[in-house]
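Each chain, written out:
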Amino acid sequence: MSPHYFTDADYARIIMNYTPTSVRPEVWGHIEDFVRSVVSSLEIHAGTTSRDTLRNVLSAVAKLSAWVWTRYGVISLETVFHPSIIGDYFESSATKSLNRTTVGTQRSLLMR
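None of these values were measured; they are calculated from a predicted model. (Residues numbered from 1 in each chain as written. Predicted model: local features only at pLDDT ≥ 70, side-chain atom pairs only at ≥ 80, totals over all residues. Heavy atoms only, no water.)

Asks: Tell me about the side chain of Gln106, and please be specific about residues and values.
Replies: Its location among the elements puts Gln106 in helix 6 (residues 100–110). For Gln106, a relative accessible area of 11% corresponds to the buried category. If we ignore the near neighbours within four places in the chain, the residues touching Gln106 are Ala60, Lys63, Tyr89, Phe90 and Leu98. (Helix = DSSP H or I, 4+ residues; strand = E, 2+ residues; numbered from the N terminus. Buried < 20%, exposed > 50% of the residue type's maximum accessible area, 1.4 Å probe, protein only. Contact = heavy atoms within 4.5 Å.)

Asks: Tell me what's going on with the nonpolar core, and back it up with residues and numbers.
Replies: Grouped together as the largest cluster of nonpolar side chains are 33 residues, with contacts concentrated most on Ile31, Val35, Val39, Leu54 and Leu64. The set of elements that each furnish at least two residues to this core consists of helix 1 (8–17), helix 2 (25–41), helix 3 (51–72), helix 5 (83–91) and helix 6. Sorting elements by how many residues they give to this core places helix 3 first, with ten residues. Beyond its immediate chain neighbours, meaning those up to four positions away, Val39 contacts Ile15, Ile44, Leu54, Val57, Leu58 and Val61. (Core = buried A, V, L, I, M, F, W, Y, C linked by side-chain atoms within 4.5 Å.)

Asks: Quick rundown of the packing of aromatic side chains? Include the residues and the values.
Replies: Inspection of every chain in the model, using the stated rule, returns five aromatic pairs. Centre to centre, the rings of Tyr18 and Trp28 are 6.0 Å apart; their planes meet at 80 degrees, and the pair counts as edge-to-face. One end of the pair, Tyr18, is in the loop between helix 1 and helix 2; the other, Trp28, is in helix 2, with ten residues separating them in the sequence. In terms of burial, Tyr18 and Trp28 fall into one category: buried. Where Tyr89 meets Phe90, the ring centres are 4.9 Å apart and the plane angle is 70 degrees; that geometry is what we call edge-to-face. Exposure class is identical for Tyr89 and Phe90. Each is buried. These aromatic residues form a ring-pair network of at least three members: Trp67, Tyr72, Tyr89 and Phe90. (Phe/Tyr/Trp six-rings, centres within 6.5 Å; stacked < 30°, edge-to-face > 60°.)

Asks: Got a sec to walk through the side chain of Arg36? Specific residues and values, please.
Replies: With respect to the helices, strands and loops of the structure, Arg36 is situated in helix 2. With a relative accessible area of 11%, Arg36 lands in the buried category. Within polar-contact distance, the side chain of Arg36 engages the backbone oxygen of Tyr18 at 2.6 Å. In this structure Arg36 touches Ile15, Met16, Asn17, Tyr18, Thr19 and Trp28, once residues within four positions along its chain are discounted. (Polar contact = N/O pair within 3.5 Å; in protein donor to acceptor, adjacent residues only side chain to side chain.)

Asks: I'd like a rundown of the pattern of salt bridges, residues and numbers included.
Replies: This model, assessed by the stated rule, comprises three salt bridges. A salt bridge links Arg24 to Glu26, with the shortest nitrogen-to-oxygen separation between them at 2.7 Å. A residue is classified by how much of its surface remains accessible, and Glu26, at 49% relative accessible area, is partly exposed. Between Arg36 and Glu32 there is a salt bridge whose closest N-O contact spans 2.8 Å. Of this pair, Arg36 and Glu32 both sit in helix 2, four residues apart, roughly one helical turn. Residue classification places Glu32 among the partly exposed residues on the basis of a relative accessible area of 23%. (Salt bridge = Lys/Arg side-chain N within 4 Å of Asp/Glu carboxyl O.)

Following this line, the structure appears as structure tokens:
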């Protein structure tokens with residue numbers, strides 16, 4: 001198989017094996033099932049979405065979920081993806097080093 005051709009099964013494996021480097025392991029242990037479940041539920045398909053986009057979605061969801069867990073001690077679809085929570089996240093110190101383009105891209109991925 002050529003490295004440029006991925007299947008939905010490959011994407012499922014990427015999601016199940018994903019471990020972010022930007023989230024502390026002790027936080028990841030609390031949120032990993034949630035992050036994988038959320039990204040899996042988006043039904044991102046290899047035929048219509050690049051692997052880089054899949055990885056960007058995984059990273060954005062993981063970082064936001066970690067921030068919510070650290071700040072509120074709870075994660076759910078309603079809390080993590082509430083527009084005001086997403087807005088607060090992008091106003092926090094966790095995202096201050098990001099340029100405007102990156103913020104816009106991540107915000108759009110999270111508002112899907």
